[in-house]
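# Architecture and fold: a report
Next come the chains, spelled out residue by residue.
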There are 2 protein chains.
Amino acid sequence: MKPRLTIRDIAREAGVSTATVSRVMNSPESVAPDTRCAVQTVIDRHGYLSHGIAMSLASSRSMSIGLVIPTIINSIYASSTQAIQGIAQAAGYTVLLGVSEFSPELEEKIIRQLLERRVDGLILTGGERKRAIYDMIEANGVPYVVTWKLLPGNAGPPSVSFDNHRGGLVAMEHLIALGHRKIGLICGRSALNDRARERRRAYEESIISCGLEVEARLIHEADFELDSGRDAMRELLGLPERPTAVFCANDVQAIGALHECEEHGLRVPADISLVGFDDLPIAKYVRPQLTTIRVPAQRMGELAATRIIEALRTGGPAASAELPIELVVRDSTAAVSTRNPRGRLIRMVQSP
Amino acid sequence: MKPRLTIRDIAREAGVSTATVSRVMNSPESVAPDTRCAVQTVIDRHGYLSHGIAMSLASSRSMSIGLVIPTIINSIYASSTQAIQGIAQAAGYTVLLGVSEFSPELEEKIIRQLLERRVDGLILTGGERKRAIYDMIEANGVPYVVTWKLLPGNAGPPSVSFDNHRGGLVAMEHLIALGHRKIGLICGRSALNDRARERRRAYEESIISCGLEVEARLIHEADFELDSGRDAMRELLGLPERPTAVFCANDVQAIGALHECEEHGLRVPADISLVGFDDLPIAKYVRPQLTTIRVPAQRMGELAATRIIEALRTGGPAASAELPIELVVRDSTAAVSTRNPRGRLIRMVQSP
DNA sequence: CTGAAAGCGCTAACAC
DNA sequence: GTGTTAGCGCTTTCAG
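Residues numbered from 1 in each chain as written. Chains lettered and ligands numbered in written order. Predicted model: local features only at pLDDT ≥ 70, side-chain atom pairs only at ≥ 80, totals over all residues. Heavy atoms only, no water.

### Description of the relation of the copies chain B and chain A
Put simply, the second copy of the chain is the first one after a rotation about an axis and a shift along it. Defined as follows: To line up the copies, we fit them by least squares on C-alpha atoms, keeping just the residues with pLDDT of at least 70 in both.
Placing chain B over chain A gives an RMSD of 0.1 Å and needs a rotation angle of 180°, together with 0.0 Å of translation along the axis. Taken together, the rotation and translation describe the operation of a two-fold axis. It is L96 of chain B whose C-alpha, among those of chain B, lies nearest the rotation axis, at 2.3 Å.

Quick look at the structure:
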């Protein structure tokens, strides 16, 4: 393999100094048109590519942004990732992708690695990690932002997110307004996932503020998979007294749950109501169409990236932002019904 | 912001040379236990992170792999991406992500950028791009591999993929064996997407080898979206003589199409058969469950990453590999039926 | 507007 | 085993 061209080769051939070549590439306007043109010609002729690594070392800017997500398989994270990538790309930044698989240890390792790679900024998922990790990031002077989890106050880490807790409340209010009292919960693993935990907390608070008790057997935590949602729903339906509604804290599990209801011969929403969370594109393509909480994944990704890039420009920390969520009422929720002695359904309340 | 620690600070404090510190970090076994321990203590005390950029420049290895995909929203690409990321991560490589949005120009820009960032290897999606781009990659001595598109022969670019064309043939054979002759096609934009083009070619060849003619109005190209699949199906169903089966060259469009059939009051597969392509997890969660071609997205990602890393070790080009596809027969396909003069359906053949 | 020169922080021979 | 030293390829003052 022939040794690659360096800026010096270009400089020599164009009869200028390396500084001038550098200028032509980075601030062409500061070079006399003639010189610029001559240099550019040589560059083009050889298809010279600048050495980004050397450039980064000399300028101490890597022009890269680290992104850490728990998984990319759940398409809701794919949305925000794509948005972040798009904004970063457009601003000349490359995204270094890390996938933590919901493991705090792996996440720490990834963050360390990203910091060693000298990313200019960092976008994290969720707000829960050891204080030492935040310290490490800050000690390295790298601006960062937390997504998918709203961190209130101006003191802590900056966050660009919607409010998971509020989303949970809105979903539960909807069910409660429809008359449901026996409500199940299917959500992600709250021990590893503060988004899931917030949604669960909203569920529990809502139950309690109805004067009811939180029942452990109505709550199922599981992985973000269709099958997990289905399995959890199967458990719920096997209960002596099954819930009349289930809050599925993400659409993937909701869709799995929906199909399990069908398998059991239950009609949704006549026999049981389901509300999801995320509003994936598929949510309105299942039958019945899924009532869900719409989260601004794309918008959040765009804004997070924008805020990081801004921070890079100003030299300060990234600014926080809260994005709105929205209840999207479709066809998977209805007023509670109850079975009469013959086992046939009687609609109790009507307020779709 | 206090100036970050360098290897020299560590060396000074530990009373050794920078070379020794470097050794402790990169090949600890070559350092005397006592020294190693002393140095490590200083490193830990300060939470010193090595400067990956400087390291890369000095060692001329960036320990990064560039990945270019057209989109991350379609979860089939998310699968392979996650797999690649996992393998790379485990081997100490970071993935630099580029999303081309099906634009050749953007893709070229991204590849150039990745090359400038001095990725050690490159994983591309699809095999179609200007010869000059391949030349540029090769001129830079960067091993690469094409995924999602099988490139036959040993001469051209190495590829790790399944055979899209064969997948298309298998799907069509299935429909034809069920007696279908009037078959529609919904696929991605073949002008921008050689995977879609191969699948379309398989469709056309299959039609022709049945002694039939390829009808333009039976073919719809559109974006990878649920809505696009639905819209395309609407067109097909609006035809004076509508197809008895449709080959949807990806599951996302297939699911959109499936729901459009339902909207029209058509029963799948009694009135119309649908076969998809990809076997997304959701494919068996739609009703009827989708008959589709299973592609080894995850396996392909893993293998592509593995082959690149191998190439990095050996110094040669990456080795090609072909992965198998598989027809998964579920409930969206059945033997053809036809309308009698009254417009009512009569089942012709029976072989579910 | 352009050039000279001093690094950026680390690795990798090569000595000792 | 460990230290010395010369770069890796570029940017960036600072002169001119």
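Additional details are given in the paragraphs that follow.
### Some words on the pattern of salt bridges
Residue and element names in this part refer to chain A. Rules: The rule for a salt bridge is simple: a side-chain nitrogen of Lys or Arg has to be within 4 Å of a carboxyl oxygen of Asp or Glu. Only DSSP runs of H or I with at least four residues qualify as helices, and only runs of E with at least two residues qualify as strands; both kinds are numbered from the N terminus onward. Exposed residues in this analysis have more than 50% of their type's maximum accessible area, buried residues have under 20%, and partly exposed residues fall in between, with area computed by a 1.4 Å probe over protein chains only.
Across all of its chains, the model carries 64 salt bridges over all chains by this definition. We note a salt bridge from K130 to E108, for which the minimum N-O separation is 3.1 Å. Residue K130 is located in the loop between β3 (121–125) and α7 (131–139), and its partner E108 is located in helix α6 (residues 104–116); the two are separated by 22 residues in the primary sequence. Residue class for K130 comes out partly exposed when judged on its relative accessible area of 49%. Since its relative accessible area comes to 18%, E108 is described here as buried. Notably, a salt bridge pairs E215 with R217, separated by 3.3 Å at the nearest N-O pair.

### What to know about the protein's contact with DNA strand C
So the rule is basically this: For each residue, the test is whether any non-hydrogen atom lies within 4 Å of the molecule or strand; if one does, the residue is near. What qualifies as a polar contact is a pair of N or O atoms within 3.5 Å, subject to a donor-acceptor requirement within protein and to the restriction that residues adjacent in sequence count only when both atoms come from side chains.
Near DNA strand C lie 25 residues; those nearest to it are R23 and T35 of chain A together with I7, S22 and Y48 of chain B. Put simply, 65% of the atoms of DNA strand C that lie within 4 Å of the protein are in sugar or phosphate. A distance of 2.2 Å separates a phosphate oxygen of DNA strand C from a polar atom in the backbone of I7 of chain B. Measuring from a phosphate oxygen of DNA strand C, one finds a side-chain N or O atom of S22 of chain B at 2.5 Å. When residues of the surface near DNA strand C are traced back to their parent elements, those giving at least two are α2 (18–26) and α4 (52–59) of chain A together with α2 (18–26) and α4 (52–59) of chain B.

### Some details on helix α3 (residues 33–46) of chain B
Residues and elements named next belong to chain B. Basically, it comes down to this: In this scheme, a helix's expected span is set at 1.5 Å multiplied by one less than its residue total. Taking the helix axis as origin, the arc is that swept by the directions to the C-beta atoms. The contact criterion used throughout is that any non-hydrogen atoms of two residues lie within 4.5 Å.
With 14 residues, α3 should reach 20 Å at 1.5 Å per residue; the first-to-last C-alpha distance of 20 Å fits that figure. Listed as buried for α3 are V39, V42 and I43. Viewed end-on, α3 has its buried residues packed into an arc of 100°, placing them on one side of the element. Turned more than 90 degrees away from the buried face of α3 sit P33, D34, D44 and R45, all of them exposed. Residues of α3 that are buried sit in contact with α1 (7–14) and α2. Once α3 finishes, G47 follows within two positions and takes phi at roughly 60°, a positive value.

### Points about the protein's contact with DNA strand D
Stated precisely, the cut-off is as follows: In this count, Pro and Cys sit with the nonpolar residues alongside Ala, Val, Leu, Ile, Met, Phe, Trp and Tyr, while Asp, Glu, Lys and Arg are called charged and the others, Gly among them, polar.
The environment of DNA strand D is made up of 25 residues, and the closest members are I7, S22 and Y48 of chain A together with R23 and T35 of chain B. At the protein interface, 63% of the atoms of DNA strand D within 4 Å belong to sugar or phosphate. Note that a phosphate oxygen of DNA strand D is positioned 2.6 Å from one of the side-chain N or O atoms of T20 of chain B. Taking A32 of chain B, its main chain carries an N or O atom lying 2.7 Å from a phosphate oxygen of DNA strand D. Where the surface near DNA strand D is concerned, the elements lending two or more residues are α2 and α4 of chain A together with α2 and α4 of chain B. With five residues, the single largest contributor to the surface near DNA strand D is α2 of chain A. In terms of residue class, the surface near DNA strand D is built from 12 nonpolar, 11 polar and two charged.

### With respect to the sheet that holds strand β6 (residues 183–187) of chain B
Residue and element names in this part refer to chain B. Our working rule: If DSSP finds at least two bridges between two strands, the strands pair. To get an axis, fit a line to the C-alpha atoms, keeping to the stretch in contact for a helix; angles then go from 0 to 180 degrees between the N-to-C directions.
Taken together, the four strands give an open sheet; going across it, the order is β7-β6-β8-β9, and neighbouring strands pair in parallel fashion. Single-partner strands in this sheet number two, and they are β7 (219–221) and β9 (273–275). Neighbouring strand axes in the sheet, compared pairwise and without regard to direction, differ in orientation by 15° on average. Bridge analysis of strand β8 (residues 245–248) against β9 gives three bridges, and the strand direction is parallel.

### As for the packing of aromatic side chains
All names here are of chain A. We count it as follows: Only centres within 6.5 Å qualify two rings of Phe, Tyr or Trp (six-membered ring in Trp) as a pair; their planes then separate them into stacked at under 30 degrees, edge-to-face at over 60, and tilted for everything else.
Enumeration according to the criterion identifies 12 aromatic pairs over all chains in this entry. Geometrically, the ring pair formed by Y77 and W148 is edge-to-face, given 5.1 Å between the ring centres and 65° between the ring planes. One end of the pair, Y77, is in helix α5 (residues 75–90); the other, W148, is in the loop between β4 (144–147) and β5 (159–161), and 71 residues separate them in sequence. With relative accessibility at 4%, the residue Y77 sits in the buried group. Here the aromatic rings of Y134 and Y144 are separated by 5.8 Å at their centres, their planes lie at 35°, and the arrangement is tilted. Here Y134 is found in helix α7, whereas its partner Y144 is found in strand β4, with 10 residues between them in sequence.

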